[in-house]
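# Coordinate inspection notes
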Amino acid sequence: SAVISQKPSRDICQRGTSLTIQCQVDSQVTMMFWYRQQPGQSLTLIATANQGSEATYESGFVIDKFPISRPNLTFSTLTVSNMSPEDSSIYLCSVGRTSGGYNEQFFGPGTRLTVL
Amino acid sequence: DQQVKQNSPSLSVQEGRISILNCDYTNSMFDYFLWYKKYPAEGPTFLISISSIKDKNEDGRFTVFLNKSAKHLSLHIVPSQPGDSAVYFCAASSRGKIIFGKGTRLHILP
């Protein structure tokens, strides 16, 4: 499976600021995703990062709040904009692989964000 | 509305015994099920999966059972080892989209 790294691994930010999280994969992948895991909750898909076009956002998530870039097949960024304490969460990048006709996903180590 | 439910937030099992983690789902369109393991400060790691055409898949100490009529799956770990202490996420997939449960924290007791 691909090796996925994320930067930063953690950060503490002030309300109203923005943070950009980077995801780097060691091989070219077609499918990249961004998830959020709020405390005590499941992993929730924010959006699918599409290479060369706008990301596809899930219900409840919008581009103005979570702009995503995908300039190539090995890299993506997620920005958490105008942060509030409710954005405190772990943000995870994942890559998809098709195995036997089914989709599997592999995750990066995550970025733990605390908003004060 | 949660489509994938893990009703036990935590589970404690004696080392060497069997750990059974349960998961229920509501969407009959799910055709692929996955289990992930997560250690603190790490991302979830893929553990084992099963397609809806099977009722059992085994990989070493890990076995996943699927009961489609009951919309229920379970992960069996035997024998349980200290390194198995982690949070386990059940996930279900339909048309490429994966939905996760909230996870069950497994504690392996010495």
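Residues numbered from 1 in each chain as written. Chains lettered and ligands numbered in written order. Predicted model: local features only at pLDDT ≥ 70, side-chain atom pairs only at ≥ 80, totals over all residues. Heavy atoms only, no water.

### Points about the overall build of chain A
- Helices and strands together make up the secondary structure of chain A, namely zero helices and eleven strands.
- Ordering the α and β elements of chain A from the N terminus gives β-β-β-β-β-β-β-β-β-β-β.
- Over its C-alpha atoms chain A spans a radius of gyration of 14 Å, differing by no more than 12% from the 13 Å that the globule rule assigns to 116 residues.
- In terms of its C-alpha atoms, chain A occupies a principal-axis envelope of roughly 45 × 30 × 25 Å.
- Per-residue burial over chain A gives 50% buried out of 116 residues.
- Excluding contacts between residues fewer than 6 apart, the proportion of contacts in chain A whose partners are at least 24 apart in sequence is 54%.
- By element, 48% of the accessible surface of chain A is carried by carbon and sulfur atoms, the whole surface being about 5,500 Å².
- Taking the average place of the 8 positive charges on the side chains of chain A and the average place of its 8 negative ones, the gap between the two points comes to 7 Å. (Helix = DSSP H or I, 4+ residues; strand = E, 2+ residues; numbered from the N terminus. Rg over C-alpha atoms; globule rule 2.2 N^0.38 Å. Buried < 20%, exposed > 50% of the residue type's maximum accessible area, 1.4 Å probe, protein only. Contact = heavy atoms within 4.5 Å. Areas by Shrake-Rupley, 256 points an atom, 1.4 Å probe, with all protein chains shown as cover. Lys, Arg positive; Asp, Glu negative; His and termini not counted. Charge placed at Lys NZ, Arg CZ, Asp CG, Glu CD.)

### Digging into the sheet that holds strand S7 (residues 68-72) of chain A
All names here are of chain A.
- With respect to topology, four strands assemble into an open sheet ordered S1-S3-S8-S7, the strand pairing being antiparallel. The open sheet is flanked by strand S1 (4-7) and S7, the only strands paired with a single partner. Shown here is a sheet whose adjacent strand axes are inclined to one another by a mean of 15 degrees, direction ignored.
- Two elements, S7 and strand S8 (residues 75-80), share three bridges in a ladder whose sense is antiparallel. By the bridge assignment, Asn-72 is partnered in S8 with Phe-75. (Pairing = 2+ DSSP bridges. Axes fitted to C-alpha atoms, helices over the stretch in contact; angles between N-to-C directions.)

### Some remarks on the interface of chain A and chain B
- In this assembly, 17 residues from chain A lie in contact with 20 residues from chain B.
- With both sides pooled, the region where chain A packs onto chain B buries about 1,600 Å², and carbon together with sulfur makes up 58% of that total.
- For the chain A face of the interface with chain B, the top three residues by lost area are A:Leu43, A:Tyr102 and A:Asn103, together amounting to 31%.
- On the surface where chain A and chain B come into contact, there are one salt bridge.
- Of the charged contacts, one joins A:Glu58 and B:Lys97 as a salt bridge, the two residues approaching to 2.8 Å between their closest N and O atoms.
- Inspection of the region where chain A meets chain B yields four residue pairs in polar contact (both at pLDDT 80 or more).
- In terms of residues, the side of chain A that touches chain B owes the most to one element, strand S10 (residues 102-107) of chain A, which gives six residues.
- Of the residues assigned to the side of chain A that touches chain B, the class counts are eight nonpolar, seven polar and two charged. (Buried area = accessible area lost by both parts, 1.4 Å probe. Salt bridge = Lys/Arg side-chain N within 4 Å of Asp/Glu carboxyl O. Polar contact = N/O pair within 3.5 Å; in protein donor to acceptor, adjacent residues only side chain to side chain. Nonpolar A, V, L, I, M, F, W, Y, C, P; charged D, E, K, R; others polar.)

### Remarks on the pattern of salt bridges
Residue and element names in this part refer to chain B.
- Counted according to the given criterion, the structure contains six salt bridges over all chains.
- Between Arg-61 and Asp-84 there is a salt bridge whose closest N-O contact spans 2.8 Å. Residue Arg-61 is found in the loop between strand S6 (56-59) and strand S7 (62-67), and its partner Asp-84 is found in the loop between strand S8 (72-77) and strand S9 (86-94); the two are separated by 23 residues along the sequence.
- The exposure class of Asp-84 is buried, given its relative accessible area of 2%.

### Considerations on the packing of aromatic side chains
- All chains considered together, the criterion is met by twelve aromatic pairs over all chains.
- With centroids separated by 6.5 Å and ring planes inclined at 45 degrees, the aromatic side chains of A:Phe66 and A:Tyr91 adopt a geometry described as tilted. Of this pair, A:Phe66 sits in the loop between strand S6 (56-57) and S7 while A:Tyr91 sits in strand S9 (residues 89-99), and the two are 25 residues apart along the sequence.
- Where B:Tyr25 meets B:Phe30, the ring centres are 6.1 Å apart and the plane angle is 65 degrees; that geometry is what we call edge-to-face.
- In this structure an aromatic cluster arises from ring pairing among A:Tyr35, A:Phe106, A:Phe107, B:Tyr36, B:Phe46 and B:Phe100. (Phe/Tyr/Trp six-rings, centres within 6.5 Å; stacked < 30°, edge-to-face > 60°.)

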